[in-house]
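Tertiary structure, described
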Amino acid sequence: MGAKSYEYKKPFRLELGGELPELKIVYHTYGKMNASRDNVVWVCHALTASSDVADWWPHTVEKGAFLDPDRYFVVCANIIGSPYGTTAPQTPDPRTGEPLYGDFPKLTIGDWVRAHQLLADELGISHIHRLVGCSVGGFQAMEWAVREPDRFGELVLLATSAKASPWLIAADETQRMAIFSDPTYGEKRADAARNGLAAARAIAMLTYRSPEGYNNSQQDPPDLPAGGVHRACTYQQHQGDKLCRRFNVYSYVTILDAFDTHDIGRGRGGVKKALQRLTMPAIVVGLTTDICFTPEEMRELGAMLPNSKYYEIASLFGHDGFLVEYEQLNRLLTKK
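Residues numbered from 1 in each chain as written. Predicted model: local features only at pLDDT ≥ 70, side-chain atom pairs only at ≥ 80, totals over all residues. Heavy atoms only, no water.

Points about the environment of Leu 323
Tracing the sequence through the fold places Leu 323 in helix 11 (residues 321–324). On the basis of relative accessible area, Leu 323 is assigned to the partly exposed category, the value being 24%. (Helix = DSSP H or I, 4+ residues; strand = E, 2+ residues; numbered from the N terminus. Buried < 20%, exposed > 50% of the residue type's maximum accessible area, 1.4 Å probe, protein only.)

Concerning the pattern of salt bridges
Taken as a whole and judged by the stated rule, the model has 23 salt bridges. Residue Arg 268 pairs with Glu 143 through a salt bridge whose shortest N-O separation is 2.7 Å. A residue pair is termed long-range when its members are at least 10 positions apart, and Arg 268 in the loop between helix 8 (249–260) and helix 9 (271–275) and Glu 143 in helix 3 (residues 136–147) qualify at 125 residues. For the residue pair Arg 268 and Glu 143, the accessibility class agrees, reading buried in each case. (Salt bridge = Lys/Arg side-chain N within 4 Å of Asp/Glu carboxyl O.)

Here's the deal with helix 10 (residues 295–304)
Residues Pro 295, Met 298, Leu 301 and Gly 302 constitute the buried set of helix 10. The buried residues of helix 10 occupy an angular sector of 115 degrees when projected down its axis, which confines them to one face. With respect to the buried face of helix 10, the exposed residues turned more than 90 degrees away are Glu 296 and Ala 303. Taken together, the buried residues of helix 10 touch helix 3, strand 8 (155–158), helix 9, strand 9 (282–287) and strand 10 (308–313). (Arc of directions from axis to C-beta. Contact = heavy atoms within 4.5 Å.)

What to know about the pairing of strand 10
As paired elements, strand 9 and strand 10 share six bridges and run parallel to each other. The residue of strand 10 that forms the bridge with Val 285 is Tyr 311. Each parallel crossover has a hand, and the one from strand 9 via helix 10 to strand 10 is right-handed. (Pairing = 2+ DSSP bridges. Right-handed = clockwise from strand over helix to strand, strands pointing away.)

Quick look at the side chain of Thr 207
Mapping Thr 207 onto the fold places it in helix 5 (residues 194–208). By relative accessible area, which is 9% here, Thr 207 ends up buried. Here Ala 204 takes part through its backbone oxygen, which lies 2.7 Å from a polar atom of the side chain of Thr 207. When sequence neighbours within four positions are dropped, the list of residues in contact with Thr 207 reads Trp 167, Ala 171, Ile 291, Cys 292 and His 319. (Polar contact = N/O pair within 3.5 Å; in protein donor to acceptor, adjacent residues only side chain to side chain.)

So, the sheet that holds strand 1 (residues 4–8)
Pairing in this open sheet of eight strands is mixed, and the strands run 1-4-6-5-7-8-9-10 from one edge to the other. Edge positions in the open sheet fall to strand 1 and strand 10, since each of these has one partner strand only. Neighbour to neighbour, the strand axes of the sheet diverge by 20 degrees on average, direction disregarded. Bridge count for strand 5 (residues 40–44) against strand 6 (residues 73–77) is four bridges, and the pairing is parallel. Opposite Val 41, over in strand 6, you have Val 74 as the bridge partner. Here helix 3 sits on the sheet and contacts strand 5, strand 7 (130–134) and strand 8; the angle it forms with strand 7, its principal contact strand, is near 140 degrees. (Axes fitted to C-alpha atoms, helices over the stretch in contact; angles between N-to-C directions.)

What about helix 7 (residues 231–246)?
In this model helix 7 runs 23 Å from its N-terminal to its C-terminal C-alpha over 16 residues, within 8% of the 22 Å that 1.5 Å per residue would give. Those residues of helix 7 not exposed but buried are Tyr 235, Gln 236, Gln 239, Gly 240, Leu 243 and Cys 244. (Expected span 1.5 Å × (residues − 1).)

Points about the side chain of Thr 289
Along the chain, Thr 289 falls in the loop between strand 9 and helix 10. In terms of polar contacts, Thr 289 uses its side chain to reach the backbone amide nitrogen of Gly 318, at 2.9 Å. Setting aside anything within four residues of it in sequence, one finds Thr 289 in contact with Ser 210, Glu 212, Ser 315, Leu 316, Phe 317 and Gly 318.

Quick look at unusual backbone geometry
Residues other than glycine seldom take positive phi values, yet Arg 37 does so here, at roughly 55 degrees. As for its position among the elements, Arg 37 is in the loop between strand 4 (23–30) and strand 5. Given the relative accessible area of 42%, Arg 37 is considered partly exposed. Its identity is not glycine, yet Ala 159 carries a phi of approximately 50 degrees, on the positive side. For Ala 159, the position within the fold is in the loop between strand 8 and helix 4 (166–180). Since its relative accessible area comes to 1%, Ala 159 is described here as buried.

Describing the nonpolar core
Residues Trp 42, Ile 80, Trp 112, Leu 155, Tyr 252 and Leu 275 are the most contacted members of the largest nonpolar core, which totals 77 residues. At eight residues, the largest contribution of residues to this core is made by helix 8. Not counting the four nearest positions on each side in its chain, Trp 112 is found in contact with Ile 79, Ile 80, Leu 107, Val 136, Gln 140, Ile 255 and Ala 258. Of all hydrophobic cores here, the second largest spans 27 residues; its members include Ala 46, Val 74, Ile 283 and Val 285. (Core = buried A, V, L, I, M, F, W, Y, C linked by side-chain atoms within 4.5 Å.)

Take a look at the structure:
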């Protein structure tokens, strides 16, 4: 299905101050809503993903999979700040006709949620059968569920957390340091800080993948001469270049900054108290080699949710295992 868009032609006020003069949200849908409107599955996407779930999450939006469009009306909306069509730093400001780039206002996870609440209301979706959040999308899913617990029938949280950890905030800051060291950062052009963004992505890959994964897939050929180019080096360069071809540095910094604000317990008496509001059935899925959201942290998250089941997927691919291990995910999430 092609991308659709919703335009909110009013000022959209932001949690940290300021506002967007108007808001555009790009989204994808798959399948059809049934007559009783009780088959909606809403997916909250990961950091650099788009609203096109079928594109970035292989073999999940197909017959027999857990996002089966023959059974469900699947919705995924692009977050504010992302370069895939929703209002972002490179979007022309209607007041001036020029993109804001580095002057784009600061966002929170709550801002993403409020935008998607507007979209859900516009689509006439009052009840969501299953809310799925993966990685930073899990931040959004939890925030939305805490704000509107009665809207959701079930919560699925994959490789995520109720609060941004010091470890991941440090990783984000390291990426920002790499970006800010590029002398072209701050220039008002879409290709600014390309080298900085590539370096940041290479840094991020060391948290997204596991040592086991690298050691399994990036071994040099046995006849590599001394001083030869290591396969692991070209892989890092490739990953940095690939992101630069599809993403924007100002979007990347905007999303990292929003990531770091995540704390489901802020203003709610702490994480545990906030999560106790989520009494709907919940499925929490961890990955054995994930160093972003470790299995121990995922088990703790599951234990704080009143009505949850915890599952663990074996994978060599670290945090990215939730993208790669679709066969295990489909078996797990289609048990019903």
